[in-house]
Amino acid sequence: MKQFRLNSGRRGRLTRRDVQLASVVFVSVLAVAVLLPSAPSPTSTPGSPLAAFGAADPVQLRTIDGDTFEVRGAGERIRLANIDTPETGNRAACAAERSAAAGATQRARSLIAAANRIDIRRTGRVDRYGRTIGFIILDGQDLGEQLIAEGYARPWRGRREEWCAPSGSSLP
């Protein structure tokens, strides 16, 4: 029987250290292969909003209100970073705010439905309601910035600001 020679001069035996080193190399190569970004092919069509998560399968988004969305099937809620939209329902301070909130919600929904590609970029933060703070990018455009530019939202300034004037009408 022919024996092979390892660099260390041992004859035909693998030590625990050899196995550990081989395991570390294997896990490192596997981790690099998993973490390398791959270019997913966009499979969404208008009317079926999909979010690309790198190499993961696309998932659908549900619009909750103008700045909150749910990843269908995952139960994760995404709160748009750096914007504020009017409140809906009982949280609205006046009828004008409720109406503005409905408009923001509908506009966000229509922008998402028209997008060919949707990306979610998480910030790594979670708000007090357990929502993931992140950005939603529609065909390369930031959804929050688009809502601000169209007057449906305003920049977040660290606290909720009033959307109602003392008369009960909406603020500009």
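Right above here is the structure, for reference.
The present account deals with the structure reproduced in this document.

Here is what the cut-offs are and how they apply
- Residues numbered from 1 in each chain as written.
- Predicted model: local features only at pLDDT ≥ 70, side-chain atom pairs only at ≥ 80, totals over all residues.
- Heavy atoms only, no water.
- Helix = DSSP H or I, 4+ residues; strand = E, 2+ residues; numbered from the N terminus.
- Buried < 20%, exposed > 50% of the residue type's maximum accessible area, 1.4 Å probe, protein only.
- Contact = heavy atoms within 4.5 Å.
- Disulfide = S-S within 2.5 Å.
- Core = buried A, V, L, I, M, F, W, Y, C linked by side-chain atoms within 4.5 Å.
- Polar contact = N/O pair within 3.5 Å; in protein donor to acceptor, adjacent residues only side chain to side chain.
- Phe/Tyr/Trp six-rings, centres within 6.5 Å; stacked < 30°, edge-to-face > 60°.
- Lys NZ or Arg CZ within 6 Å of the ring centre and 35° of its normal.
- Salt bridge = Lys/Arg side-chain N within 4 Å of Asp/Glu carboxyl O.
- Expected span 1.5 Å × (residues − 1).
- Arc of directions from axis to C-beta.

### Notes on the overall build of the protein
Logical step 1: Counting its regular elements, the protein contains 3 helices and 9 strands.
Logical step 2: Helices and strands in the protein line up, N terminus first, as α-β-β-β-β-β-α-β-β-β-α-β.
Logical step 3: Counting across all 172 residues of the protein, residues that qualify as buried make up 31%.
Logical step 4: For the protein, the proportion of contacts with a sequence separation of at least 24, taken over those separated by at least 6, is 50%.

### Some details on the state of the cysteines
Logical step 1: One pass over the full model with this rule turns up 1 disulfide.
Logical step 2: Across a sulfur-sulfur distance of 1.9 Å, Cys 94 and Cys 164 are joined as a disulfide pair. When the S-S torsion is -90°, as for the bridge of Cys 94 with Cys 164, the disulfide is left-handed. Here Cys 94, found in the loop between strand E5 (83–84) and helix H2 (95–114), pairs with Cys 164, found in the segment after strand E9 (154–155); they are 70 residues apart in sequence, far enough to count as distant.
Logical step 3: Residue Cys 164 is classed as buried on the basis of its relative accessible area, which comes to 11%.

### Quick notes on the side chain of Glu 97
Logical step 1: Within the secondary structure, Glu 97 is located in helix H2.
Logical step 2: If sequence neighbours within four positions are ignored, Glu 97 has contacts with Pro 86, Glu 87, Ala 92, Arg 160, Trp 163 and Cys 164.

### Here's the deal with the nonpolar core
In summary, soluble globular proteins display a tendency toward joint burial of nonpolar side chains.
Logical step 1: Counting 17 residues, the largest nonpolar core has Phe 69, Leu 80, Ile 118, Ile 136, Leu 138, Leu 143 and Leu 147 as its most contacted members.
Logical step 2: Only strand E3 (68–71), strand E4 (76–80), H2, strand E6 (118–126), strand E7 (132–138) and helix H3 (143–149) provide two or more residues apiece to this core.
Logical step 3: It is H2 that contributes the most residues to this core, 3 residues altogether.
Logical step 4: Apart from the residues lying within four places of it in its own chain, the contact partners of Leu 138 are Leu 111, Ile 112, Ala 115, Arg 117, Ile 118 and Leu 143.

### Considerations on the side chain of Arg 131
Logical step 1: Assignment of secondary structure puts Arg 131 in the loop between E6 and E7.
Logical step 2: Judged by its relative accessible area of 16%, Arg 131 is buried.
Logical step 3: Here the side chain of Arg 131 touches Thr 68 through a polar contact of 2.9 Å, side chain to side chain.
Logical step 4: Within the local environment of Arg 131, its side chain forms a polar contact with the side chain of Asp 127, the two groups lying 2.6 Å apart.

### As for the packing of aromatic side chains
One pair of aromatic rings is described through two measures. These are the centre distance and the angle between the planes.
Logical step 1: For the coordinates displayed, the defined rule picks out 0 aromatic pairs.
Logical step 2: Seen from the ring of Trp 156, Arg 79 lies directly overhead, with NZ or CZ sitting 5.8 Å from the centre.
Logical step 3: Lying across the ring of Trp 163, Arg 154 places its NZ or CZ 3.7 Å from the centre.

### Some points on the pattern of salt bridges
Charged atoms that come close allow side chains of opposite charge to pair.
Logical step 1: Counting across every chain of the model gives 9 salt bridges.
Logical step 2: For Arg 107, the salt bridge goes to Glu 150, with nearest N and O atoms at 2.5 Å. Here Arg 107 is found in helix H2, whereas its partner Glu 150 is found in the loop between H3 and E9, with 43 residues between them in sequence.
Logical step 3: Judged by its relative accessible area of 25%, Arg 107 is partly exposed.

### So, H2
Logical step 1: Taking 1.5 Å per residue, 20 residues should reach 28 Å; H2 reaches 29 Å between its end C-alpha atoms and fits that length.
Logical step 2: Among all positions of H2, only Glu 97, Ala 101, Ala 104, Thr 105, Ala 108, Leu 111 and Ile 112 are buried. Down the axis of H2, the smallest arc covering the buried residues is 130°, so these residues share one side. Counted as exposed and oriented over 90 degrees from the buried face of H2: Ala 95 and Ser 99.

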